[in-house]
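# Observations on chain architecture
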Amino acid sequence: MARRGMKAVLYLNNYWQWSGGMNQYVSWVTGRPVVDPDVSGDWPRFIATSAEFYRLPEAQDLYRRYLRHIIERRNTVNGRLYRDDPTIMAWQLANEPRPGVHGQDPALNDVFVQWVAETAAYIKRLDPKHLVSTGSEGSWGSLDDMDLYKRAHRDPNVDYLTVHLWIKNWSWFDAKNPEATYPTAVANAERYLREHVQAARELGKPLVLEEFGVERDGGDYRIESSTHYRDRFLTTVYAWVLEDARGGGPFMGSNLWTWGGAGRARHPDLVWRPGDPFTGDPPQEPQGLNSVFDIDRGTLAVIRAHAREMNRLGRAAGP
Ligand code: IFL
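Residues numbered from 1 in each chain as written. Predicted model: local features only at pLDDT ≥ 70, side-chain atom pairs only at ≥ 80, totals over all residues. Heavy atoms only, no water.

## Some details on the sheet that holds strand 3 (residues 131–133)
Pairing is parallel across the open sheet formed by three strands, whose spatial order is 1-2-3. Here the strands that pair on one side only, and so sit at the sheet edges, are strand 1 (8–11) and strand 3. Direction aside, neighbouring strands of the sheet carry axes that sit 30 degrees apart on average. Bridging between strand 1 and strand 2 (residues 88–92) involves four bridges; their strand directions are parallel. The partner of A8 across the bridge, within strand 2, is I88. (Pairing = 2+ DSSP bridges. Helix = DSSP H or I, 4+ residues; strand = E, 2+ residues; numbered from the N terminus. Axes fitted to C-alpha atoms, helices over the stretch in contact; angles between N-to-C directions.)

Here it is as structure tokens:
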């Protein structure tokens, strides 16, 4: 990455199932089986179980041992401790950590805010040189509670705010019915990002749009299908980010989800199986769902043009 002039944000846990994450920690310390929502279909139970992680001291102890192990790890290629390596831009507490479920006891929201503060402080004690971020999706991942999002991000050891934007996952956009759903999706997306720009201004911290993407046209994830709506959406979102950056606003950069590069789905059902190449999509999602491949020339042109403008402003864009 250093050779290519790239920077890494290393996320250190996962609210979701695809890399073990919080559910796995809960299972390790309670002895209960992992709740896999892809098997059970029981998303509410999965989400609530992930959030148990914050209040299990033994799980926190294991997590901290892991944090120390990674942060103090010596890179076998360049011989440096990760702690001292400027190729790493930031540590991230987790991918999309959420406080729990809607309607839960507000005391559990406080547990979450405290977990963010204590974990960020722990990381800073191990490594005061790198930035720390939460990995939050924004208010959507904060029980639709902007105040809760702001409380978690106000902590002095959280250096910048993160926001994600998922117009399909949040049921704003239906790729099978694009004409009818796209305008509302774009309006919602704009409002959502503006609210988070406002929050960043209030807290006086930078903001990164670190996950957003749209599937290929018609909900057809095969690489042959077109990417008209994806390219349109990226162009629109990038224009907002650039406008904010040009005006000196908090948007410091964006990360598109996700770079599939030369990876390809191997099977007609688009399911990843051990030994298959990696695309950008995690293994529990169809391979090609959000991946931008090296042959997606139109999409690449949109990303490249945006990255050029952001770099000119001393800000960043990438996958
Ligand atoms: O791939 C998903 C990823 O696990 C995530 N958020 C949404 C992505 C697309 O569904 O963190």
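The structure having been displayed, the exposition proceeds.
## Examining the site of the ligand
Looking at the ligand, the residues that line it are W18, N95, E96, W166, N169, E211, W257, P282, E285 and N290. Within the side chain of W18, one N or O atom sits 2.7 Å away from an oxygen atom of the ligand. Here W257 contributes a side-chain N or O atom positioned 3.2 Å from an oxygen atom of the ligand. A total of 290 Å² of accessible area belongs to the ligand in isolation, and the protein chains cover 96% of it. Classifying every residue of the shell around the ligand gives four nonpolar, three polar and three charged. (Near = heavy atom within 4 Å. Polar contact = N/O pair within 3.5 Å; in protein donor to acceptor, adjacent residues only side chain to side chain. Areas by Shrake-Rupley, 256 points an atom, 1.4 Å probe, with all protein chains shown as cover. Nonpolar A, V, L, I, M, F, W, Y, C, P; charged D, E, K, R; others polar.)

## Considering the packing of aromatic side chains
A complete count under the given rule lists 26 aromatic pairs for this structure. Their ring planes at 65 degrees and their centres at 5.0 Å tell us that W170 and Y192 sit as a pair that is edge-to-face. Pair noted here: W170 is in the loop between strand 4 (161–165) and helix 7 (178–203) and Y192 is in helix 7, with a separation of 22 residues, a long-range link. You'll find W170 and Y192 in the same group, each marked buried. Through pairs of rings, three or more aromatic residues link up here, namely Y25, W28, F53, Y54, Y63, F112 and W115. (Phe/Tyr/Trp six-rings, centres within 6.5 Å; stacked < 30°, edge-to-face > 60°. Buried < 20%, exposed > 50% of the residue type's maximum accessible area, 1.4 Å probe, protein only.)

## Let's talk about the packing of helix 7 against helix 8 (residues 228–246)
Two measures define how a pair of helices packs: the angle their axes make with one another and the distance between the axes. It is the contact of helix 7 with helix 8, at a shortest axis distance of 11 Å, that shows an interaxial angle of 25 degrees. Taken together, the axes of helix 7 and helix 8 are roughly parallel relative to one another. The hand of the helix 7/helix 8 crossing is right-handed. Between helix 7, through P178, E179, Y182, V186, A189, E190, L193, R194, V197 and R201, and helix 8, the contact on the second element is made entirely by Y229, R232, F233, T236, V237, W240, E243 and D244. (Parallel < 35°, antiparallel > 145°, perpendicular 65-115°, else oblique. Left-handed = near helix turned anticlockwise from the far one by under 90°. Contact = heavy atoms within 4.5 Å.)

## Section: helix 8
Over its 19 residues, helix 8 extends 27 Å from the first C-alpha to the last, a length consistent with the 27 Å expected when each residue adds 1.5 Å. Of the positions making up helix 8, those classed as buried are Y229, R230, D231, F233, L234, V237, Y238, W240, V241, L242, D244 and A245. At its buried positions, helix 8 is contacted by strand 4, helix 7, strand 5 (207–212), strand 6 (251–255), strand 8 (292–293) and helix 9 (297–312). Backbone geometry just after helix 8 places G248 at a positive phi near 80 degrees. (Expected span 1.5 Å × (residues − 1).)

## A short note on the sheet that holds strand 5
Ordered by their spatial adjacency, four strands build an open sheet running 4-5-6-9, and the pairing between neighbours is parallel. Two strands bound the open sheet, and with one partner strand each, they are strand 4 and strand 9 (316–318). In this sheet, neighbouring strand axes are inclined to one another by 15 degrees on average, regardless of whether the strands run parallel or antiparallel. Note: strand 4 against strand 5, five bridges, orientation parallel. If you follow L165 over to strand 5, its bridge partner there is F212. Across the face of the sheet, helix 9 comes into contact with strand 6 and strand 9 while running at roughly 160 degrees to strand 9.

## Focus: the pattern of salt bridges
Going through the model one piece at a time under the given rule, you end up with 20 salt bridges. A salt bridge links E72 to R83; its shortest N-O distance comes to 3.8 Å. Of this pair, E72 sits in the loop between helix 4 (57–71) and strand 2 while R83 is found in the loop between helix 4 and strand 2, placing the two residues 11 residues apart along the sequence. By relative accessible area, which is 26% here, R83 ends up partly exposed. Of the charged contacts, one joins R98 and E137 as a salt bridge, the two residues approaching to 2.8 Å between their closest N and O atoms. Residue R98 is found in the loop between strand 2 and helix 5 (106–126), and its partner E137 is found in the loop between strand 3 and helix 6 (146–154); the two are separated by 39 residues along the sequence. For the pair R98 and E137, one class covers both residues: buried. Salt bridges sharing partners connect three or more residues here, namely R68, E72, R83, D84 and K129. (Salt bridge = Lys/Arg side-chain N within 4 Å of Asp/Glu carboxyl O.)

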